[in-house]
Amino acid sequence: MATVVPKGALRGACGMRTDRRIGLAAARSVQAAAGAERRIVVAVDDTDVSERACDFAIRNIAKTGDVFHVLHVIPFQDTRTYYGTISYLPPVAEEMRKELRKAAENLLLRYADKFKTAGLSCECDLVEENSWETIAEVICNTTEALDATCLLIASHGKNPVQELLLGSVSNYCTHHCKKPVLIIH
């Protein structure tokens, strides 16, 4: 499973769990006590189409009692340097990871503010992709682990050749997620 980034700066803005293995049962009982009807995962990145998908969820999907899980996956960055069988993580690489994490936290704060402004319940999930798990797999696994009602994800409108060469997260989720998937174009 991917690494869950600790709460850090997100603690005050939206409820972000630090460890899903421990926190899921507690989160579900709190949601049940609060009368939450649906858990909706909204996978986001820093694009206009993702922003539109978030706005669509707020305007057209949200119902009283829903809990939105705004999910962002930090891409895997293999920045290790290998010396024979010993790997070394240079200090520059660690700084780059911190910057990526900070940018991702700011992105989630921006989306959380949208949901909070609309008066909706929002939890932020910031996950780091591992070398053995793609972003799409992380999104599907997180959606299933949260026992979400559905996954809402934006499509970036790649043509067939681009999808073949680059892949498509939304296409993968459509075919592999065990929960319903709503794709916003």
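Bear in mind that the values here come from a model prediction, so they are computed numbers and not experimental data.

## Focus on the nonpolar core
Buried together is how nonpolar side chains tend to be arranged in soluble globular proteins.
Move 1: Within the largest apolar cluster, 26 residues are counted, with the highest numbers of intra-cluster contacts made by Val42, Phe68, Val70, Phe115 and Leu152.
Move 2: Looking at this core, the elements that each hand over two or more residues are strand S2 (39-43), helix H2 (48-61), strand S3 (67-74), helix H3 (91-117), strand S6 (121-128) and strand S7 (150-154).
Move 3: Contacts of Phe68, omitting those with residues within four sequence positions, involve Ile40, Val42, Ala57, Ala62, Phe115, Leu120, Ser121, Cys122 and Glu123.
Move 4: Counting residues in each nonpolar core, the second largest holds 15 residues, with Ala43, Val73, Leu146 and Ile153 among its members.

## Some details on helix H4 (residues 135-145)
Move 1: Looking only at H4, the buried set comprises Ala136, Val138, Ile139, Cys140, Thr142 and Thr143.
Move 2: Following H4 by one or two positions, Asp147 adopts a phi angle in the positive range, close to 55°.

## A look at the pattern of salt bridges
Move 1: For the structure on display, the rule yields 10 salt bridges.
Move 2: Between Asp46 and Arg110 there is a salt bridge, and its shortest N-O distance comes to 3.2 Å. On the criterion of sequence distance, the pair formed by Asp46 in the loop between S2 and H2 and Arg110 in helix H3 is long-range, its members being 64 residues apart.
Move 3: A residue is classified by how much of its surface remains accessible, and Asp46, at 56% relative accessible area, is exposed.
Move 4: On the basis of relative accessibility, which here comes to 36%, the residue Arg110 falls in the partly exposed class.
Move 5: A salt bridge links Arg101 to Glu128; the shortest N-O distance between them is 2.6 Å.

## Notes on the side chain of His69
Move 1: Note on placement: His69 falls in strand S3.
Move 2: In terms of polar contacts, His69 uses its side chain to reach the side chain of Asp125, at 3.2 Å.

## A word on H2
Move 1: With 14 residues, H2 extends 19 Å from end C-alpha to end C-alpha; this agrees with the ideal 20 Å at 1.5 Å per step.
Move 2: Of the residues making up H2, those classed as buried are Val49, Ser50, Ala53, Cys54, Ala57, Ile58 and Ile61.

## Regarding the packing of aromatic side chains
Each aromatic ring pair is specified by the distance between its two centres and by the angle formed by the two planes.
Move 1: All chains considered together, the criterion is met by one aromatic pair.
Move 2: It is Arg110 that lies over the ring of Tyr111; its NZ or CZ is 5.3 Å from the centre.

## Quick look at unusual backbone geometry
Move 1: In this model, Asp147 sits at a positive phi of 55°, which is unusual for a non-glycine residue.
Move 2: On the basis of relative accessibility, which here comes to 36%, the residue Asp147 falls in the partly exposed class.

## Looking at the side chain of Asp66
Move 1: You can see Asp66 is positioned in the loop between H2 and S3.
Move 2: Judged by its relative accessible area of 2%, Asp66 is buried.
Move 3: Of the polar contacts made by the side chain of Asp66, one reaches the backbone nitrogen of Lys63; its length is 2.7 Å.

## Things to note about the pairing of S3
Move 1: Counting buried positions along S3 gives eight out of eight residues, so the element sits mostly inside the fold.
Move 2: Both faces of S3 are covered, namely the face carrying Val67, His69, Leu71 and Val73 and the face carrying Phe68, Val70, His72 and Ile74.
Move 3: Bridge count for S2 against S3 is five bridges, and the pairing is parallel. Directly across from Val41, in S3, lies its bridge partner His69.
Move 4: Each parallel crossover has a hand, and for S2 linked through H2 to S3 it is right-handed.
Move 5: In the sheet, S3 pairs with S6 via eight bridges, with the strands oriented parallel.

The rules behind the values
- Residues numbered from 1 in each chain as written.
- Predicted model: local features only at pLDDT ≥ 70, side-chain atom pairs only at ≥ 80, totals over all residues.
- Heavy atoms only, no water.
- Core = buried A, V, L, I, M, F, W, Y, C linked by side-chain atoms within 4.5 Å.
- Buried < 20%, exposed > 50% of the residue type's maximum accessible area, 1.4 Å probe, protein only.
- Helix = DSSP H or I, 4+ residues; strand = E, 2+ residues; numbered from the N terminus.
- Contact = heavy atoms within 4.5 Å.
- Salt bridge = Lys/Arg side-chain N within 4 Å of Asp/Glu carboxyl O.
- Polar contact = N/O pair within 3.5 Å; in protein donor to acceptor, adjacent residues only side chain to side chain.
- Expected span 1.5 Å × (residues − 1).
- Phe/Tyr/Trp six-rings, centres within 6.5 Å; stacked < 30°, edge-to-face > 60°.
- Lys NZ or Arg CZ within 6 Å of the ring centre and 35° of its normal.
- Pairing = 2+ DSSP bridges.
- Right-handed = clockwise from strand over helix to strand, strands pointing away.

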